[in-house]
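Okay, here's what each chain looks like letter by letter:
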Amino acid sequence: MSAQAPVDRATDRSGVWRGLLVEYADRMPIGPDTPIVTLREGGTPLIHSEFLSELTGCDVHIKFDGANPTGSFKDRGMTVAISKAKEAGAQAVICASTGNTSAAAAAYAAKAGLTAAVVVPKGKIALGKLAQAVVHGATVLQVQGNFDDALDVCRDLADRYPVELVNSVNPYRIDGQRTAAWEICDQLGRAPDLHLLPVGNAGNITAHWRGYREYHADGVIDSLPLMHGFQAAGASPIVRGERVTSPSTIATAIRIGNPASWPFAVAAADESGGSITAVTDRQILAAFRLIARNGVFAELASTASIAGLLRMHEAGQLPRGATVVCVLTGHGLKDPEWAIAGAADPTTIPVDADHAARVLGLA
Ligand SMILES: *Cc1c(COP(=O)(O)O)cnc(C)c1O
């Protein structure tokens with residue numbers, strides 16, 4: 001056993017979730033000497049939604065990946081990418097990000113003792129995400145351009161300088177993100193009929209589809225879901241069939257005009273019999289509010305999956321009784337502005353329970 005092998009790989013018998021690289025070790029690109037860099041990501045809740053089930057006539061579940069250690073599904077890929085970077089002897093990692101990738105890269109690099117630099121579009125990053133990169137000690141560079149420009153800079157850097165690129169063009173990211181599909185099947189005891197998720201750079205839909213196909217090929221599940229991906233209307237290159245040079249949407253995590261995994265996303269939709277379509281910012285915001293009123297505070301971009309569900313329902317495209325999983329990719333606390341926007345200030349009261357009771361309509 002190498003000096004770096006963690007005790008929990010073999011000896012943790014608590015039953016508490018041990019992180020993806022341990023839980024799915026036999027399906028991961030790791031060997032006995034791979035250092036396991038983990039924050040115990042994954043194992044996120046699959047939440048049955050009575051409300052959405054009743055509304056749609058389907059059996060709707062929410063895969064809440066905002067419950068990951070840094071608040072988004074990006075941790076699933078980052079535990080693998082950073083572990084492999086460390087195994088390969090890298091000293092520094094770099095990524096372009098709309099915010100969540102940089103938060104995850106900064107956290108996992110800090111855990112691994114690596115240096116991280118993140119390149120973000122100037123002025124387009126939610127405060128919570130920027131705070132994460134900064135607090136974990138990453139060097140933040142704001143590029144005068146959008147996400148696609150930031151990724152170009154990072155690819156060029158990684159080509160010509162000794163630094164490891166940990167964007168989802170790094171295959172280890174996709175490897176790690178397959179685990180969301182496996183968890184869903186493990187939690188449901190079967191594959192869903194429909195799998196709905198937001199699409200930005202399109203790595204996640206690629207990874208989920210790969211995950212389902214592998215479980216299917218290995219006989220763990222006996223059917224495959226239809227993959228339905230949703231882009232924001234102002235950032236919907238796949239739907240339009242052409243690169244969007246100035247993508248625009250309030251859903252900043254999917255504000256991407258030239259997705260790196262574009263062809264794989266199209267293949268996922270086509271091969272599964274699903275689709276990639278667009279939802280408007282208005283539909284996303286309505287879905288964000290609706291799902292929060294039902295107990296789940298998800299990041300705005302992630303609720304594109306719920307907006308898509310509602311739109312498909314209204315268009316009569318949901319088979320009655322189907323088992324549907326909507327992925328919520330990030331946590332609402334990443335960008336609380338959207339929760340507060342338009343809300344009234346809390347009422348101020350004196351230290352007086354009777355006063356509080358009158359305000360609450362209890363007296
Ligand atoms: C990164 C991200 C997405 C988009 O995922 P892709 O793999 O780029 O398609 C969606 N939602 C959230 C919250 C994200 O952080």
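The preceding data block contains the structure.
I will try to describe carefully the structure that is included in this document. Note that the structure is a prediction, hence the values are computed from the model and not measured. (Residues numbered from 1 in each chain as written. Predicted model: local features only at pLDDT ≥ 70, side-chain atom pairs only at ≥ 80, totals over all residues. Heavy atoms only, no water.)

### Focus on the environment of Gly273
Thought 1: Note that Gly273 resides in the loop between helix H12 (262–272) and strand E9 (275–279).
Thought 2: Overall, the relative accessible area of 47% leaves Gly273 in the partly exposed class. (Helix = DSSP H or I, 4+ residues; strand = E, 2+ residues; numbered from the N terminus. Buried < 20%, exposed > 50% of the residue type's maximum accessible area, 1.4 Å probe, protein only.)

### Thoughts on the packing of helix H5 (residues 100–112) against helix H6 (residues 127–135)
Thought 1: Close contact between H5 and H6 brings their axes to 8 Å; oriented N to C, the two are set at 20 degrees. Relative to H6, the element H5 is oriented roughly parallel. In this structure, the crossing between H5 and H6 has a hand that is left-handed. Within the contact between the two elements, H5 uses Asn100, Ser102, Ala103 and Ala106 and H6 uses Lys129, Gln132 and Ala133.
Thought 2: Broken down by class, the residue content of the contact of H5 with H6 amounts to 3 nonpolar, 3 polar and 1 charged. (Axes fitted to C-alpha atoms, helices over the stretch in contact; angles between N-to-C directions. Parallel < 35°, antiparallel > 145°, perpendicular 65-115°, else oblique. Left-handed = near helix turned anticlockwise from the far one by under 90°. Contact = heavy atoms within 4.5 Å. Nonpolar A, V, L, I, M, F, W, Y, C, P; charged D, E, K, R; others polar.)

### Here we look at the site of the ligand
Thought 1: The ligand sits among 15 residues. The nearest are Lys74, Asn100, Gly200, Asn201 and Thr329.
Thought 2: Within the backbone of Gly200, one N or O atom sits 2.8 Å away from an oxygen atom of the ligand.
Thought 3: Its free accessible area being 380 Å², the ligand has 96% of it covered by the protein chains. (Near = heavy atom within 4 Å. Polar contact = N/O pair within 3.5 Å; in protein donor to acceptor, adjacent residues only side chain to side chain. Areas by Shrake-Rupley, 256 points an atom, 1.4 Å probe, with all protein chains shown as cover.)

### Here we look at the sheet that holds E9
Thought 1: Taken together, 6 strands build an open sheet; the order of strands is E1-E2-E10-E7-E8-E9 and the sheet is mixed. Lying at the two open borders of the sheet, with one neighbouring strand each, are strand E1 (46–48) and E9. For this sheet the average axis-to-axis angle between neighbouring strands, irrespective of direction, equals 25 degrees.
Thought 2: Relative to strand E10 (residues 323–328), strand E7 (residues 194–198) is paired through 3 bridges, and the arrangement is parallel. Each residue of the ladder has a partner; that of Leu196, found in E10, is Cys326. (Pairing = 2+ DSSP bridges.)

### Considerations on H12
Thought 1: Along H12, the residues classified as buried are Trp262, Ala265, Ala268, Ala269 and Ser272. The buried residues of H12 occupy an angular sector of 125 degrees when the element is viewed end-on, so they sit on one face. Of the exposed residues in H12, those oriented more than 90 degrees away from the buried face are Pro263, Asp270 and Glu271.
Thought 2: Close packing links the buried residues of H12 with helix H10 (203–217), strand E8 (226–232), helix H11 (237–240) and E9.
Thought 3: Gly273 sits one or two positions beyond H12 and adopts a positive phi of about 85 degrees. (Arc of directions from axis to C-beta.)

### Here's the deal with the sheet that holds strand E4 (residues 115–121)
Thought 1: Pairing is parallel in the open sheet, where 4 strands are placed in the order E5-E4-E3-E6. Bordering the open sheet on either side are strand E5 (139–143) and strand E6 (164–165), each of which pairs with just one other strand.
Thought 2: For strand E3 (residues 92–96) and E6, the ladder comprises 2 bridges, and the chain directions are parallel. Within E6, the residue paired with Ile94 across the bridge is Leu165.

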